[in-house]
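Single-letter residue listing:
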Amino acid sequence: MLENNHLQRTWLFFCSSCEPNFWKSREHIHYFLFFSVSLLALGLYTVNAVYGDTITMPCRLEVPDGLMFGKWKYEMPNESPVFIAFRSSTKKNVQYDDVPDYKDRLSLSENYTLSIKNARISDEKRFVCMLVTEDDVSEEPTIVKVFKQPSQPEILHQADFLETEKLKMLGECIVRDSYPEGSVTWYKNGRVLQPVEEVVVINLRKVENRSTGLFTMMSSLQYMPTKEDANAKFTCIVTYYGPSGQKTIQSEPVVFDVHYPTEKVTIRVLSQSSTIKEGDNVTLKCSGNGNPPPQEFLFYIPGETEGIRSSDTYVMTDVRRNATGEYKCSLIDKSMMDATTITVHYLDLQLTPSGEVTKQIGEALPVSCTISSSRNATVFWIKDNTRMKTSPSFSSLQYQDAGNYICETTLQEVEGLKKRKTLKLIVEGKPQIKMTKKTNTNKMSKTIVCHVEGFPKPAVQWTVTGSGSLINKTEETKYVNGKFSSKIIIAPEENVTLTCIAENQLERTVTSLNVSAISIPEYDEPEDRNDDNSEKVNDQAKLIVGIVVGLLLVALVAGVVYWLYVKKSKTASKHVDKDLGNIEENKKLEENNHKSET
């Protein structure tokens, strides 16, 4: 019984010249089925071979008793059989007939299997195995079918470019050395290109190599593209038959440059950032959507009526704020135009005063930082590398107000646009001295401190009158906000006077302090508290003063109320006294009148 796929291969042997569309016809399929049934009835056996490989054909007969020899022959239509191999069963010798096509290519094994090396297209024949006895001759035919896989399709003679509205030769798909011959199909972006009059024109040619029997297929494609074909991938695929059935091989895809006219002009602003600021370089680029794109344009600058002819770019360097406006570009024939608006951002800063300013302690200093910008700006102050919470205001300068001030401003959403100006404030003051003394815990020495204020930093000197020894050298604290302290430790044997001298470029200040002998008890003055404690004391003092003032106000109000009450009371008593006086006077007058009448 034949294998199913052998039926189709045997049919191909008899119909190797059929067109590839043969299998699409229902009539042909019915014919194939009829022929396949006939092959089944005939019991034909098919061997499929690959071009160039070895063909192996077993003798499908049972070896009979009394076998004398076995032979192989091939048969061609309308031709006499040709014997090619002989093997004796008794002498075990093999003989090959003198057939030029099979010279040095045959091999006949002991079980009468025939092998043919280097399979050719011409080997597609009907071979017959013959086993001969004295009484009988048995034969079993074998059909040989040879297949040759074609080369990968190549698209040659490619067009340099395609043009819309024009039918043009795109290329030719070449498929070489195929057997049986295959079919060639064109594809665009993976879809079959069907012939369309004046749009898709396909022509197929086939050439057979007479020496090898192999076919070469050539399919040319004429194509009228559209703009959408600019990046389309064109391929061609060959469909062929092999030992295992139908297969395909695809060419490498090719993409063609499609030319089409410009339909729209676009102008763009090329800048390193999304916003433009004063000092930037700005490039205007004009482009058309045609292919190839236009190479020259007319650029229209704000305030100019005539266009400036240029390539596709127009460069402006170091732009200023007056460059803000609408810019246009068009084709040379002015048929198409596009416009865009450019805004050049700017930022101005004015600091008053600025630079180095020297003021005296206690003086007032008004400071202003004025901004002018193309959009809302952010302003902040920095003092000695630390950002300030509020703008500086100096109604009475102190030493801690001295420093380097920076007024800085930036434009929101405008990268790189910021300005800053500096104010170096110097607060000067004459030296101020306050001296304190303290008996140390060992009761053997005393610490004398000279608290100094002033700028530039005063130089401090100590002098002592009386007897005593200097326990250690002078020690100074860190100079901060115009203040520092100089300290010495002494053990006086008798009363002494210590003098602290502080001097800078403005003035020389001298202050003295009497210190009792270490054996004489005296009131020790505490050293100044630190700034934090001073602030707390000041806050407490302010609170106390506020309470006292409040009490005084309450007392004052109470006094005024009491005074008004007393005043009212005295006025009422005066009126009563006056009335009483008038009654007494009337009585006296009546008495006098009575006396006179008597």
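Calculation criteria
Note on numbering: residues in each chain are counted from 1, in written sequence order. For this predicted model, a pLDDT threshold of at least 70 governs which residues receive local features, and a threshold of 80 or more governs which side-chain atom pairs are given and counted, while totals over whole chains, interfaces and linings are taken from all residues. Note that the side-chain values use all heavy atoms of the structure and ignore hydrogens as well as water. In these notes, a set of buried Ala, Val, Leu, Ile, Met, Phe, Trp, Tyr and Cys residues joined through side-chain atoms within 4.5 Å is what counts as a nonpolar core. Exposure classes here rest on a 1.4 Å probe applied to the protein chains alone. A residue is buried below 20% of its type maximum, exposed above 50%, and partly exposed in between. What fixes the domain bounds is an automatic or database domain assignment. Residues count as neighbours in contact if any of their non-hydrogen atoms are within 4.5 Å of one another. Elements are defined by DSSP. Helices are runs of H or I of four residues or more, strands are runs of E of two residues or more, and each kind is numbered from the N terminus. Between any two strands, pairing holds if DSSP finds at least two bridges. Axis definition: a line fitted to C-alpha atoms, over the contacting stretch in the case of helices. Angles run 0 to 180 degrees between N-to-C directions. Counting rule for disulfides: a pair of cysteine sulfur atoms within 2.5 Å.

If you check an unreviewed UniProt entry, the protein chain appears there as CD166 antigen from Phasianus colchicus.

Caption draft 1: Summary view of the nonpolar core. One finds I55, M57, W72, I84, L114, F127 and F234 to be the most contacted residues of the largest nonpolar core, which totals 51 residues. Residue-level mapping places this core at the junction of two domains, with at least three residues from each of domain 1 (46-147) and domain 2 (154-259). Setting aside residues up to four positions removed in sequence, I55 forms contacts with V47, A49, L114, S115, I116, A119, D123, V144 and V146.

Caption draft 2: Quick peek at the side chain of S330. With respect to the secondary-structure elements, S330 resides in strand β27 (residues 325-330). Beyond its immediate sequence surroundings of up to four residues, S330 is in contact with C286, F297, L298, Y300, M336 and M337.

Caption draft 3: Here's a closer look at the sheet that holds strand β3 (residues 69-75). Read across the open sheet, the six strands follow the order β1-β9-β8-β3-β4-β5; overall the sheet is mixed. Two strands bound the open sheet, and with one partner strand each, they are β1 (45-50) and β5 (94-96). Direction aside, neighbouring strands of the sheet carry axes that sit 20 degrees apart on average. As paired elements, β3 and strand β8 (residues 126-132) share seven bridges and run antiparallel to each other. Looking across to β8, one finds that K73 is bridged to V128.

Caption draft 4: Quick look at the state of the cysteines. In the structure shown here, the tally under the stated rule is five disulfides. With its sulfur 1.9 Å from that of its partner, C59 forms a disulfide with C129. The S-S bond linking C59 to C129 shows a torsion near -90 degrees; that makes this disulfide left-handed. On the criterion of sequence distance, the pair formed by C59 in the loop between β2 (55-57) and β3 and C129 in strand β8 is long-range, its members being 70 residues apart. Exposure remark for C59: the relative accessible area of 11% places this residue in the buried category. Linked covalently through their sulfurs, C286 and C329 form a disulfide whose S-S length is 1.8 Å. Classification of the bridge connecting C286 and C329 rests on its S-S torsion, roughly 65 degrees, and on that basis the disulfide is right-handed.

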